[in-house]
Every structure is written in structure tokens, then in C-alpha cells.
Amino acid sequence: MTEEFLHYLWKYKRYSSANLLTQTGEAIQVIKQGEHNTDAGPDFFNSKLKIGKTLWAGNVEIHICSSDWKKHNHQSDKTYDNVILHVVYRHDEKVYRKSGEEIPTLELKGKFDELIFKKYLQFKTGKTWVPCAPQLKSVESFTLSTWLDRMVVERLERKSGPILDNLKANKNNWEEIFYQQVARSFGFKVNSGPFELLARSIPSSILAKHKNSLFQVEALLFGQAGLLDKQFIDTYPQYLQNEYTFLRKKYKLTPLDPHVWKFLRLRPSNFPTIRIAQFAALIFNSVHLFSKVMETSKPDALKKLFSVKASEYWETHYTFDKKSTRSVKSIGPDGVNNILINTIVPFLFIYGKSKAEEKYVERSLALSEKIEPENNSIIDKWEQFGVKAKSAYQTQGLLQLKNEYCSNKRCLECAVGAKLLQV
């Protein structure tokens, strides 16, 4: 037996409610089982019960054995003084509040269908990609769809954490945080960290002073990236180097160590040099980028905004001084979608939450519904099990479900798992 399973029984009333009695023989009527608490303190808050002839409102604590109350030292913790019922699998001793008053106890052993526990153990011990894989196709689409709605919000809230932390560090400067987050997105996972360091090393206010000159914006970004600190053969990087030397002194800038950038095992089109050039083009082409994104509700307009291409020099180069076959170095549709999904959508969401402006929250969710579904190994696997995503909204939900619930076998906390246990 596990406490997790007992929590499930109590939360969903999956026990026989007929003739529920305390260990002293008083009848128990569960009016409200309470709110499940996953943090410190009693397991269920704000429960409402009728024990004997008395109506009680308070908390419920759950253990495998009654004696676990003492093992966890609850008898000396004021937090548990408001426990009105102790629910256990096996009652092996009386328990008391700090005041010395005995707490009513309900023993669940023999009061639930053992088949449910057997199915639960199959989930916990199964070796399939997701624990409920064999039964997944029997789940109603409504159950899965509504649970994915919850997963999308959970995922957005998780992504919001770093944004809020950075916001505090930047004195609630939303524009600066937005600039840093967009810069991070141009690193496309492998170089996201260095890109964020780059943005922090040169405030957006400095770039804004040179937004009318792509050449100066490139000089500032490549210089701060530490990529202009060597001898060059080509004229263009030499010009960038000279310009950066002047601007560095003017603004008292300190460049990054160039070794932070990762080139190994990347496709040339993803080299940080190309991404920096594309980021420079975004800064140059998009005056007041923060305002534009916050005011734009049409997905196509946002996609167009981020569909930037690197300057002319990069059409024949992937790195400085190494000529390549001519090709336009623009961010493709998948890259743009990646930026929208992982940066713009969560930023709109947390901005709306923080400012109590629901229109931005709704816009973030609506935007993800209009973006094509992501294509990766996890989403491919879901499709093999009959779950086909129609939008990025659903793929984000499926990623959250797999990574946070299925992989950790949190089946009893999952609406799909809970539903399957009822079959």
C-alpha cells in the first residue's frame, strides 16, 4: 500500500461510503473531502464531515498506518491541530492532537475494490513508454483534451519561473526582459545560454541608439559576443572590429569569452555567427519590438516579424573569413515557430498574469493553437499510440504530460490515469 493510492481513494471517493465508522463506532458522512494539498501540512484542506451528530470543518491527514502519525511527529506540530479525521489503511494505535484530544480515525482496509489497487500497481511497475499505453485508446477524447488544457497551463507556468526571476533582477523592466528572452530564443537550445549572456552584456537601450544602422548593431553584437577579437582577412569583419573598438570605449563594454559559443555538431545554418547576424537584423528591422509583439494579435503578422535574414556578407559565409556557397540565411518556418512557442507565447502568458490582463493570457493560448504542431521524438511517439496533435497548443500539452507525469508515473494525479482506474 502507498499513501499516494490512499490519497486517490479519498480524493475521488473510490471507497465504499456505506457504514463508514470511526474506530470508536461513530458514523461518518463525507460532505466535502477537501482540497488536495501537495505541500507541507495536512493532506486535505477545508474538508467538511459529519461525525456522529457533530458537523466538522477542518483538515484530513492520510497515512498507511495510524502509528505513522507519531513517526512523523505530528502530535507536537500545531499545523495538525485542525485535523478532524485521520484516514489510514490500517489502524494500529490511537492518535492525539497536541492538546491530548483523540483524533477520530477511519480505516479504509476492506472498504475499496482491490482490483483498483491491482491496476494501480500495473501502472507503477509497467515498462511501456507511458504506463497506460495498452489502455490509452479507450480514453474518451474529451478526457484527454480537457487534461491537455491543464497541461498547457502548467507548462506555461513552469516556463514563467525564469522570466519572473529575471524581472526582479531587472527592476520590473518588461522591455529589457523581453529583449533578453528573445535573444535567448535565437540560441535555439544549444546556444540559448550564451545568447542570454550576450543580451545581458549590452542593454537594449544601447542597441536602440544604433537601430538605424545594421552595421553598427552587428558590430556591437559580434563584438560583445567576443567574436571580433582576432586578426581577419576579409574586409567586412575588419570594419566591424574597428567600429566595435570605438563603441566599446564609448559605452565601456566588456565582451564575453568567445569560448562560450558552441559550434561543434551544429549544422552550419545554426552556427551562432548566423544566429547573431539574424538577431541583429531583427533589432534593425523591428523598432519598438516589445510594443509590436504586445499589440499584434495575428499569428501571421508575428511570424513575418521574426522571419528575418542575415546581412549580405553572410550569404556567402557561415563564419568569418571562410567563404561558402551562396545562400540566403533566413530563419525558416520551424525556427520562427520555435521562437513563438518557447518565447512569445509564455511571455504573453506571464505578462497577462502579472498585470491581471486576461486578454494577453487568452492571446498566448490562441496563438499556440494557430501554430503548426511540433515535430520531435516525443510527439512522434504519442502519434504511434493514437494521439495525434493538431497544433502547437496540443504538442506543448503532450510534452508536459509525458515529461512531468508519465515519465514520473504520476498516474493518480493524471486525469487520464484516474479515469482508467475507474474502468
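Residues numbered from 1 in each chain as written. Predicted model: local features only at pLDDT ≥ 70, side-chain atom pairs only at ≥ 80, totals over all residues. Heavy atoms only, no water.

S.K.: Please clarify how the overall build of the chain should be interpreted in this entry.
M.R.: A count of helical and extended segments in the chain gives 17 helices and eight strands. Relative to the compact-globule value of 22 Å for 423 residues, the chain shows a C-alpha radius of gyration of 29 Å, a clear excess of over 25%. The principal-axis extents of the C-alpha atoms in the chain amount to approximately 90 × 45 × 35 Å. Every one of the 423 residues in the chain was classed for burial, and the buried ones make up 50%. Of the contacts made within the chain by residues no fewer than 6 positions apart, 58% connect residues no fewer than 24 positions apart. Surface accessibility of the chain: about 21,400 Å² in total, with carbon and sulfur atoms responsible for 49%. A gap of 3 Å separates the mean positions of the 62 positive and 46 negative side-chain charges of the chain. (Helix = DSSP H or I, 4+ residues; strand = E, 2+ residues; numbered from the N terminus. Rg over C-alpha atoms; globule rule 2.2 N^0.38 Å. Buried < 20%, exposed > 50% of the residue type's maximum accessible area, 1.4 Å probe, protein only. Contact = heavy atoms within 4.5 Å. Areas by Shrake-Rupley, 256 points an atom, 1.4 Å probe, with all protein chains shown as cover. Lys, Arg positive; Asp, Glu negative; His and termini not counted. Charge placed at Lys NZ, Arg CZ, Asp CG, Glu CD.)

S.K.: Please explain the layout of surface pockets as it appears in this structure.
M.R.: Estimates place the volume of the largest pocket at around 1,100 Å³. Elements supplying a minimum of two residues to the lining of the largest pocket: α4 (141–169), α5 (174–185), α6 (192–201) and α13 (333–355). The residue makeup of the lining of the largest pocket, split by class, is seven nonpolar, eleven polar and nine charged. (1 Å grid on protein atoms, 1.4 Å probe; cavity = no way out; pocket = protein on both sides within 12 Å on 5 of 7 lines; lining within 4 Å. Points joined across faces, edges and corners; volume = space filled by probe spheres on them. Nonpolar A, V, L, I, M, F, W, Y, C, P; charged D, E, K, R; others polar.)

S.K.: Hey, could you run me through the packing of helix α12 (residues 299–306) against α13 in this one?
M.R.: Two elements in contact, α12 and α13, have axes whose closest approach is 9 Å; the angle formed by their N-to-C orientations is 110 degrees. Considering their axes alone, α12 and α13 lie roughly perpendicular with respect to each other. Counted together, Leu-302, Lys-303 and Phe-306 of α12 and Val-336, Asn-337, Ile-339, Leu-340 and Ile-344 of α13 form the full contact between these two elements. Among the residues making up the contact of α12 with α13, the classes are represented as six nonpolar, one polar and one charged. (Axes fitted to C-alpha atoms, helices over the stretch in contact; angles between N-to-C directions. Parallel < 35°, antiparallel > 145°, perpendicular 65-115°, else oblique.)

S.K.: I'm lost on the nonpolar core in this one. Help?
M.R.: Most often, soluble globular proteins keep nonpolar side chains buried together rather than apart. Core analysis: the largest hydrophobic core is formed by 74 residues, its most contacted members being Phe-186, Leu-221, Phe-222, Ile-276, Phe-279, Phe-306 and Ile-344. A per-element tally of this core places α13 first, with eleven residues. Look past the residues within four positions of Phe-222 in its chain and what remains in contact with it is Leu-227, Leu-228, Leu-240, Thr-273, Ile-276, Ala-277, Trp-314 and Phe-320. Counting residues in each nonpolar core, the second largest holds 51 residues, with Ile-62, Phe-123, Tyr-405 and Cys-406 among its members. (Core = buried A, V, L, I, M, F, W, Y, C linked by side-chain atoms within 4.5 Å.)

S.K.: Is there a simple way to explain the pattern of salt bridges in this structure?
M.R.: For side chains of opposite charge, pairing can occur when their charged atoms come near one another. A full pass over the atoms with the stated rule returns eleven salt bridges. The salt bridge involving Arg-200 is made with Glu-196; its shortest N-O contact spans 2.7 Å. Placement of both Arg-200 and Glu-196 in helix α6 is noted, with a separation of four residues, approximately one turn of the helix. Arg-200 sits in the partly exposed class, given a relative accessible area of 44%. When salt bridges with common partners are traced through the structure, they connect Arg-184, Glu-196 and Arg-200 into a single cluster. (Salt bridge = Lys/Arg side-chain N within 4 Å of Asp/Glu carboxyl O.)

S.K.: Please explain the side chain of Thr-319 as it appears in this structure.
M.R.: By the element assignment, Thr-319 lies in strand β7 (residues 317–319). Sequence-distant contacts of Thr-319, that is, excluding residues within four places in its chain, are made with Phe-263, Phe-271, Thr-273, Tyr-313 and Trp-314.

S.K.: Hey, could you run me through the environment of Phe-284 in this one?
M.R.: Here Phe-284 lies in helix α10 (residues 272–285). Phe-284 sits in the partly exposed class, given a relative accessible area of 30%. Sequence separation between Phe-284 and Asn-170 is 114 residues; the distance between their C-alpha atoms is 24 Å.

S.K.: What am I meant to see in unusual backbone geometry here?
M.R.: Negative phi is the rule for most residues except glycine; trans is the rule for most peptide bonds. Although it is not a glycine, Asp-321 sits at a positive phi angle of roughly 70 degrees. The class for Asp-321 is partly exposed, based on a relative accessible area of 23%.

S.K.: Mind showing me how you'd approach the packing of aromatic side chains here?
M.R.: For any pair of aromatic rings, the description consists of the separation of the ring centres together with the inter-plane angle of the planes. Evaluation of the coordinates by the stated rule reveals 32 aromatic pairs. The interplanar angle of 85 degrees and the centroid separation of 5.2 Å between the aromatic rings of Tyr-351 and Tyr-360 together place this pair among those described as edge-to-face. For Tyr-360, a relative accessible area of 11% puts it in the buried group. Chaining the aromatic ring pairs together yields one cluster made of Phe-5, Tyr-8, Tyr-12, Tyr-89, Phe-112, Phe-117 and Tyr-120. (Phe/Tyr/Trp six-rings, centres within 6.5 Å; stacked < 30°, edge-to-face > 60°.)

S.K.: I keep staring at empty space enclosed by the protein and nothing clicks. Help me out?
M.R.: Following the criterion strictly, the structure yields three cavities of 30 Å³ or more and no others. Taken as a whole, the largest cavity spans an internal volume of roughly 110 Å³. What lines the largest cavity is a set of 13 residues, and nearest its centre among them are Cys-132, Cys-406, Cys-411, Cys-414 and Gly-417. Counting residues per element, the lining of the largest cavity draws most heavily on helix α16 (residues 392–406), which supplies three residues. Its volume calculated, the second largest cavity comes out at about 70 Å³. Lining the second largest cavity, in full, are Val-152, Arg-155, Leu-156, Ile-341, Val-345, Ser-368, Ala-392, Tyr-393 and Gln-396. Where the lining of the second largest cavity is concerned, the elements lending two or more residues are α4, α13 and α16. A breakdown of the residues in the lining of the second largest cavity according to their chemical character gives six nonpolar, two polar and one charged.

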